[in-house]
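# Coordinate inspection notes
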Amino acid sequence: MAQIEEVPVGTQSLDRFGTVLGEEALRRAGATAAAARERLAGRTWWNVNSTAQGGGVAEMLRDLLPYVRGAGIDARWVVMEGESTFFRLTKRLHHAIHGSAGDGSPLGADERAAYEAVTRANVDALLPRVRRGDIVLLHDPQTAGMAPPLVEAGATVIWRSHIGTDTANDQTRLAWDLLAPYLTGVAATVFSRAAYVPDALDGAPSVVIAPSIDAFSSKNRDLPDETVRAVLVRAGLVGGTAGSAEATFEAQDDTPRQIEREASVVSHQTLPSWDTPLVVQISRWDPLKDPEGVMRGFVTLLDGPDPIDAAMVLAGPDVTAVADDPEGATTFAALLTAWQALPEAHRSRVHLANLPMADIHENATIVNALQRHAAIIVQKSLQEGFGLTVTEAMWKGRPIVASAVGGIQDQIEDGVHGLLLPDPADLGAYTAALRRLLTDRAEAERLGAQAKERVREEYLGVRHLTQYAELLERLDGPAA
Ligand code: UDP
């Protein structure tokens, strides 16, 4: 039998949202929570995933579950156990769901047997704790194999995929051929976008629940202007002096700390000043985020009859720190070579920043400050899952220029919450969008303000939890 580890979950009151939601929205959330508490009295809501740390799912569970417990519902989080061979196999599945071959290893009968041995050992460890009528929410491909015995034990089982792709191919079919048989008896499946629901799932209803961001985290909490400046000066991203404010951030335990680490920035001569409008893209160093295209399009604005006074910061996680992502280092090296080949007048306006990763709250605070300071946030991805960097920038009221790919299309209506690029490879359209927002600041502000409202309504934790509550209500049928 495997060891199922329970992750401690704190409690948090929904009242906290009083600072970001209106009274009416807060009242509705409270009513939803009360109804859910009644519905789930005597039942436990289990969440099962494969890691307590690292990755978006763990982050989301850590952010959201405290509100559920705070509402008086017995929400639990348990983490399954597996060995490296299992996680290599599930990583292979993960790539296949995205439509790519990963390491090219097979996904056949042997792999199914290996997968099942691990999920069976885990579900055997969990079963004695699950009662008939409990809700079990299984997250991602690692856990799908646990579904059938839980269904048999009388639990309401929901499986959620946090990944997906719009277009089916041989790889996606391989992945769903392996996973679908485990999901025939579940009460529902959940996907982040409608386009991600695969044809292979034809039993249970599939519902769409988009991700959300945590408005109170280091990444997204409000920062006064003077703190933004102090953080960016301390982190070595903006020149000049920090002013009188301190570059403080709050760690998870609410203790105040100072930004101590500088970003490693490749610049020609000087850093941008505080007053220079910044065009910013923040992403992993990944060819699919097209950092080179982002740079090449930007520099054309610096020439011609109407040159624009602006600078660009391309930022990502320190490539020397992310040991498990050798592709990051390769992508950054290629970008650096392209930057070195730029004429001096262009090079001096583009800054390549590797952000320190030693303390996740410090990194998140730098990302927060950079997003808040940006005149424009760019996300010129060639492909995208959901695009959390876009949600984060929208929440900060920034004007955004982004590709119409993946979940970005769900988040931004073109001309309402930002500007969308129908063809991410069209550099002319990209630079025209940048020029438009850098010269028409009233338009930029309007888009930014509407983007923030959109996140308030659609992409905060309350909406996310309300959708889970609605799903449970639907699965239980109408109350007696
Ligand atoms: N991010 C970060 N530090 C960095 C660069 C990126 O914390 O130096 C975060 C970013 O804020 C976002 C996430 O990484 O929360 C990227 O998620 P997204 O959905 O945009 O893209 P993915 O990396 O999943 O393709």
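See above for the structure.
For clarity, every value in this text was computed on a predicted model and none was experimentally measured.

Let's shift gears to the sheet that holds strand E6 (residues 188-191). Reading across the sheet, the seven strands line up as E1-E3-E2-E4-E5-E6-E7 and stay open at both edges, with mixed pairing between neighbours. The sheet terminates laterally at strand E1 (5-6) and strand E7 (206-208), the two strands that pair on one side only. With two bridges joining them, E1 and strand E3 (residues 74-79) adopt antiparallel strand pairing. Residue Glu5 lies in a different strand from E3, and its bridge partner there is Val79.

Under the defined criterion, the tally for this structure stands at 27 salt bridges. Two residues, Arg221 and Glu250, come together in a salt bridge whose shortest N-O distance is 3.6 Å. Note that Arg221 is positioned in the loop between E7 and helix H7 (225-234) and Glu250 in strand E8 (residues 248-250), a separation of 29 residues in sequence. Here Arg221 falls in the partly exposed class, since its relative accessible area comes to 23%.

Attention now moves to the site of the ligand. Around the ligand, a shell composed of 14 residues is seen, among which Lys219, Arg284, Lys289, Leu388 and Glu392 lie nearest. Asn363 has a polar side-chain atom sitting 3.0 Å from a nitrogen atom of the ligand. Bound to the protein, the ligand loses 78% of the 540 Å² it would expose on its own. At the level of secondary structure, the elements contributing two or more residues to the shell around the ligand comprise strand E12 (311-317), helix H11 (360-373) and helix H12 (388-395). Considering only residue class, the shell around the ligand consists of five nonpolar, four polar and five charged.

Moving on, we get to the sheet that holds strand E14 (residues 376-379). Taken in spatial order, the seven strands make up an open sheet running E10-E13-E12-E11-E14-E15-E16, and their pairing is mixed. The open sheet has two free edges, formed respectively by strand E10 (264-266) and strand E16 (419-421), since each of these has just one partner strand. Averaged over all pairs of adjacent strands, the angle between strand axes in this sheet comes to 20°, irrespective of strand direction. Lying over the sheet, helix H9 (residues 326-340) contacts E10, E12 and strand E13 (350-355), oriented at roughly 160° with respect to E13.

Right, let's get into H11. Helix length check: H11 (14 residues) gives 20 Å between terminal C-alpha atoms against 20 Å at 1.5 Å per residue, within 8%. In terms of residue burial, H11 counts as a mostly covered element, since 13 of its 14 residues are buried. Taking the backbone nitrogen of His361 as reference, a side-chain oxygen 2.8 Å away marks Asp359 as the first, capping residue of H11.

Here Thr227 lies in helix H7. Looking at Thr227, the relative accessible area reads 11%, which means it is buried. Ignoring anything within four residues of it in the chain, the contact list for Thr227 reads Ala245, Glu246 and Thr248.

Because an α-helix completes one turn every 3.6 residues, residues spaced three or four positions apart along the sequence face the same direction. Every buried residue of helix H6 (residues 170-179) is listed here: Gln171, Thr172, Ala175, Trp176, Leu178 and Leu179. Seen along its axis, H6 keeps its buried residues to an arc of 155°; they face one direction. Set apart from the buried face of H6 by more than 90 degrees, the exposed residues are Asp170 and Asp177. Against the buried residues of H6 lie helix H3 (84-97), helix H4 (109-126), strand E5 (156-161) and E6. The opening residue of H6, the one whose side-chain oxygen lies 2.9 Å from the backbone nitrogen of Gln171, is Asn169.

Calculation criteria
- Residues numbered from 1 in each chain as written.
- Predicted model: local features only at pLDDT ≥ 70, side-chain atom pairs only at ≥ 80, totals over all residues.
- Heavy atoms only, no water.
- Pairing = 2+ DSSP bridges.
- Helix = DSSP H or I, 4+ residues; strand = E, 2+ residues; numbered from the N terminus.
- Salt bridge = Lys/Arg side-chain N within 4 Å of Asp/Glu carboxyl O.
- Buried < 20%, exposed > 50% of the residue type's maximum accessible area, 1.4 Å probe, protein only.
- Near = heavy atom within 4 Å.
- Polar contact = N/O pair within 3.5 Å; in protein donor to acceptor, adjacent residues only side chain to side chain.
- Areas by Shrake-Rupley, 256 points an atom, 1.4 Å probe, with all protein chains shown as cover.
- Nonpolar A, V, L, I, M, F, W, Y, C, P; charged D, E, K, R; others polar.
- Axes fitted to C-alpha atoms, helices over the stretch in contact; angles between N-to-C directions.
- Contact = heavy atoms within 4.5 Å.
- Expected span 1.5 Å × (residues − 1).
- Arc of directions from axis to C-beta.

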